[in-house]
Amino acid sequence: MNVEAHITKWIDSLNLGLEAYTDVPAKRPAEFATVKRIGGQRDNIVIDRPRIVVQVWAASNERVAELAYQVDKHIAELTRNNRISKVSRVGMQGFSAADSGHARYQIEIDLVCLN
């Protein structure tokens, strides 16, 4: 299972006005999300435990916090896919717009997936 592609499509389906990507697009939209696998173990050929970072980007700290909390509110819905048996948010962190011109929130999640 390509978990990054799955989560990208899932974020797109939330109807929050966010388009999700696996890399920051060259032409950045005003609001978007990125999805990256940053680690996790594979127990065997069947069970994968990825750690995923979802970063939500927007122009202001207030707007990005609003969008990130909306995404976070829906994270448990990832288990509706019969190949994802568990999802846990393990962290959430905000980054100021002063650094890059875009404010960001990072949501870190652990999953248990069947390949």
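One can find the structure itself at the top, above this paragraph.
A. Quick look at the pattern of salt bridges. In total, this model carries 9 salt bridges according to the counting rule given. In this structure, Arg49 engages Asp43 in a salt bridge whose closest nitrogen and oxygen atoms are separated by 2.6 Å. Within the structure, one salt-bridge network assembled from shared partners comprises Glu31, Arg63 and Glu66.

B. View of the packing of aromatic side chains. Summed over all chains, the structure comprises 3 aromatic pairs. Arranged with centres 5.1 Å apart and planes meeting at 15°, the rings of Phe32 and Trp57 form a pair that is stacked. Placement of the pair is Phe32 in strand E2 (residues 32–42) and Trp57 in strand E3 (residues 47–58), with a sequence separation of 25 residues. Accessibility expressed as a relative area gives 5% for Trp57, which makes it buried. Members of the aromatic cluster, joined through ring pairs, are Tyr21, Phe32 and Trp57. In this structure, Arg104 is placed above the aromatic ring of Phe95, and the distance from its NZ or CZ to the ring centre is 4.3 Å.

The rules we used
- Residues numbered from 1 in each chain as written.
- Predicted model: local features only at pLDDT ≥ 70, side-chain atom pairs only at ≥ 80, totals over all residues.
- Heavy atoms only, no water.
- Salt bridge = Lys/Arg side-chain N within 4 Å of Asp/Glu carboxyl O.
- Phe/Tyr/Trp six-rings, centres within 6.5 Å; stacked < 30°, edge-to-face > 60°.
- Helix = DSSP H or I, 4+ residues; strand = E, 2+ residues; numbered from the N terminus.
- Buried < 20%, exposed > 50% of the residue type's maximum accessible area, 1.4 Å probe, protein only.
- Lys NZ or Arg CZ within 6 Å of the ring centre and 35° of its normal.

These values are about where atoms sit, not about what they do.
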